[in-house]
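Below are the chains, spelled out letter by letter.
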Amino acid sequence: MLPAKGPRARTKSTRELTADDLLTLDEMISGSETVREYKRKHSPKRGAYTYGTVSMILLYILMECRRQTYRGIASPLSTEDAFILGFPIKDGRIMIPSAAGLNHFVNHILIPNLMTDLSEEFGRYFVSAGNDDSAVTLDSAPP
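K.L.:
Just checking my understanding: could you explain the overall build of the chain for this structure?
P.N.:
The helix and strand inventory of the chain stands at 6 helices and 2 strands. Counting from the amino terminus, the chain carries its helices and strands in the arrangement α-α-α-α-α-β-β-α. Within the chain, the proportion of its 143 residues that are buried is 31%. Of all intrachain contacts in the chain linking residues separated by at least 6 positions in sequence, the fraction that spans at least 24 positions is 70%.

This is the structure in structure tokens:
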């Protein structure tokens, strides 16, 4: 279940989105029933190495907001940003997914298994969290 009181959108900005800016989304996505159910059903077999679902969703959001390609986001991602997004540390090194790994996650996990339910869940949340003085706008027009 999403948190009862959600984050308020900041005023529009032209500065580049940072991983720190996504920390409020981290809490919301981690609390999502859709994500929890997916993780419960698809937990990796013992010893299998996978990136966290929430970390990969946040990386994809960062990529889309920065209007970068898979390769464009994965290669210049700083260690600090990767740490903030929750990627694991193995042998003293932060593990950053490759462009192919992110592409696979988006096209074979996020879109077919999570996107519709997440969109509906967040849509319901934002509508229910609003009041008479609030408005939610979604712009699907290309920039």
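K.L.:
So what exactly am I meant to see when it comes to helix α6 (residues 99–129) here?
P.N.:
Residue pairs spaced three or four apart in an α-helix point in one direction, given the helix's 3.6 residues per turn. Over its 31 residues, α6 extends only 35 Å from the first C-alpha to the last, a length that falls short of the 45 Å expected when each residue adds 1.5 Å. Where α6 bends most, the angle comes to about 65 degrees, and this point is L110, followed within four residues by the proline P112. Taken as a whole, α6 has its buried residues at A99, L102, F105, V106, I109, L110, L114, L118, E121, F122 and Y125. Against the buried residues of α6 lie α1 (23–30), α2 (33–41), α3 (53–65) and α4 (70–74).

K.L.:
Help me out: how do you make sense of the packing of aromatic side chains in this one?
P.N.:
The geometry of an aromatic ring pair comes down to the distance between the two centres and the angle between the two planes. According to the stated counting rule, one finds 1 aromatic pair in the structure shown. Taking the centre distance of 5.6 Å and the plane angle of 80 degrees together, the rings of Y51 and F87 count as edge-to-face. Of this pair, Y51 sits in the loop between α2 and α3 while F87 sits in the loop between α5 (79–84) and β1 (89–90), and the two are 36 residues apart along the sequence.

The rules behind these values
Residues numbered from 1 in each chain as written. Predicted model: local features only at pLDDT ≥ 70, side-chain atom pairs only at ≥ 80, totals over all residues. Heavy atoms only, no water. Helix = DSSP H or I, 4+ residues; strand = E, 2+ residues; numbered from the N terminus. Buried < 20%, exposed > 50% of the residue type's maximum accessible area, 1.4 Å probe, protein only. Contact = heavy atoms within 4.5 Å. Expected span 1.5 Å × (residues − 1). Bend = angle between axes of the 7 residues up to and from the residue. Phe/Tyr/Trp six-rings, centres within 6.5 Å; stacked < 30°, edge-to-face > 60°.

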